[in-house]
Amino acid sequence: MNITFELAKERTEAILEKLTECGYNVNEPFEGNIPDTFSIDSGACRVVIIDEAHPDFVIKFGCSESDEKYCKREVEIYEEAKKEGLAKYFAWTQYICEYQGRGIYAMEYLDCDEETVDDRSSDYCWELYCEDNDLDEEKAREDWDIRDEFWDSYNDSTDHTYGVVRYLFSLISAGDAVKLDQLMWHWDINDMHAGNWGLRGKQLVMCDYAGYGW
Ligand SMILES: Nc1ncnc2c1ncn2[C@@H]1O[C@H](COP(=O)(O)OP(=O)(O)OP(=O)(O)O)[C@@H](O)[C@H]1O
Ligand SMILES: [Mg+2]
């Protein structure tokens, strides 16, 4: 898809128009009706609305007014990633307009199937873990202590060794991996659990790269 600001704006305005018709209020995001073809997703800080009839862009806004900072940060990070030639690893995003007193952002739609992302990356990390620790994969699979230890290391959200990040680094060029690692450290892009990724075709892409706790 050829992403342009104009197209993102057109899609966002169409979504907002339909939400207005339904009497939806972004200030009460989990109450009220949304059109039949729409779906709503959310995390701890953001609400995402998708028009399944045109799933090329989603709209994104803060769960509360103060959570808009996460959307703003993604716009900043996306611009930096573009300068570094790393934009393909981030979902395109831009501020579009104010609506009912809230900042509304458009984001490129990704196929956010958490289970698929998690399966692929945990399989990769498990193999690596067994290799690093000189473990027989079949035997290790039967050992609950080893498995617990593995999952602790896989889900380590404190830094950028998060499993899915390691998996992405294994798929891309060493040059991109080094640059991406630097960018992620610089911007404190932590919290990269499987739910914060999606697929653009075959490409693993971040959909929630605002980080947390900065
Ligand atoms: N660009 C996108 N395309 C499709 N679905 C998306 C997109 N961005 C987010 N989602 C879905 O919406 C969910 C919530 O979005 P997001 O992760 O950005 O919110 P958050 O509140 O910042 O999350 P967290 O709880 O991780 O802080 C995601 O887990 C994902 O399933
Ligand atoms: Mg998230």
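Reading the values: rules and limits
- Residues numbered from 1 in each chain as written.
- Chains lettered and ligands numbered in written order.
- Predicted model: local features only at pLDDT ≥ 70, side-chain atom pairs only at ≥ 80, totals over all residues.
- Core = buried A, V, L, I, M, F, W, Y, C linked by C-beta atoms within 7 Å.
- Buried ≥ 20, exposed ≤ 12 C-beta atoms within 10 Å, placed from the backbone.
- Helix = DSSP H or I, 4+ residues; strand = E, 2+ residues; numbered from the N terminus.
- Domains from an automatic or database assignment.
- Contact = placed C-beta atoms within 7 Å.
- Nonpolar A, V, L, I, M, F, W, Y, C, P; charged D, E, K, R; others polar.
- Near = placed C-beta within 6 Å.
- Axes fitted to C-alpha atoms, helices over the stretch in contact; angles between N-to-C directions.
- Parallel < 35°, antiparallel > 145°, perpendicular 65-115°, else oblique.
- Left-handed = near helix turned anticlockwise from the far one by under 90°.

## What to know about the nonpolar core
Reasoning step 1: Of all hydrophobic cores here, the largest spans 49 residues; its most connected members are Phe90 and Val164.
Reasoning step 2: For this core, the element with the highest residue contribution is helix α2 (residues 68-83), accounting for five residues.
Reasoning step 3: Mapping this core onto the domain boundaries places at least three of its residues in each of domain 1 (5-108) and domain 2 (114-206).
Reasoning step 4: When near neighbours in sequence (up to four residues on either side) are disregarded, Val164 contacts Val117, Ser121, Met192, Ala194 and Trp197.

## Focus on helix α6 (residues 163-171)
Reasoning step 1: Taken together, the buried positions of α6 are occupied by Gly163, Val164, Val165, Tyr167 and Leu168.
Reasoning step 2: At its buried positions, α6 is contacted by α3 (114-132), α5 (144-154), β6 (197-200) and β7 (203-206).

## Topic: the domain arrangement of the chain
Interfaces are frequently sized by the accessible area removed from exposure as the parts join.
Reasoning step 1: As assigned here, the chain comprises domain 1 (5-108) and domain 2 (114-206).
Reasoning step 2: Distance from the C-alpha centre of domain 1 to the C-alpha centre of domain 2: 27 Å.
Reasoning step 3: In this complex, domain 1 contributes 10 residues to the contact, which on the side of domain 2 involves nine residues.
Reasoning step 4: Per-class residue counts for the side of domain 1 that touches domain 2 are six nonpolar, one polar and three charged.

## Observations concerning the environment of Glu115
Reasoning step 1: Take Glu115: it is sitting in helix α3.
Reasoning step 2: Along the backbone, Glu115 and Asp51 are 64 residues apart, and their C-alpha atoms lie at a distance of 22 Å.

## Digging into the site of ligand 1
Reasoning step 1: Near ligand 1 there are 23 residues, and of these Asp41, Gly43, Ala44, Arg46 and Asp208 occur at the shortest range.
Reasoning step 2: Listing elements by their share of the shell around ligand 1, those giving two or more residues are β1 (38-42), β2 (46-51) and β5 (102-108).
Reasoning step 3: When its residues are assigned to classes, the shell around ligand 1 shows 13 nonpolar, five polar and five charged.
Reasoning step 4: Mapping the shell around ligand 1 onto the domain boundaries places at least three of its residues in each of domain 1 (5-108) and domain 2 (114-206).

## Regarding the packing of α3 against α6
Axes are the key here: two packed helices are described by the angle between their axes and the distance separating the axes.
Reasoning step 1: Contact geometry for α3 and α6: axes closest at 9 Å, N-to-C directions at 75 degrees. For the element pair α3 / α6, the angle class is roughly perpendicular. Here Val117, Arg120, Ser121, Ser122, Tyr124 and Cys125 of α3 lie close against α6, whose contacting residues are Gly163, Val164, Arg166, Tyr167 and Ser170.
Reasoning step 2: Here the contact of α3 with α6 is composed, by residue class, of five nonpolar, four polar and two charged.

## Concerning the packing of α3 against α5
Reasoning step 1: Where α3 meets α5, the axes come as close as 11 Å, and the angle between the chain directions of the two elements is 120 degrees. Judged on the interaxial angle alone, α5 and α3 are oblique. Where α3 crosses over α5, the two elements pack in a sense that is right-handed. Facing α3, whose interface residues are Ser122, Cys125, Trp126 and Tyr129, α5 presents Phe150, Ser153 and Tyr154.
Reasoning step 2: Class assignment of the residues belonging to the contact of α3 with α5 gives a composition of five nonpolar, two polar and no charged.

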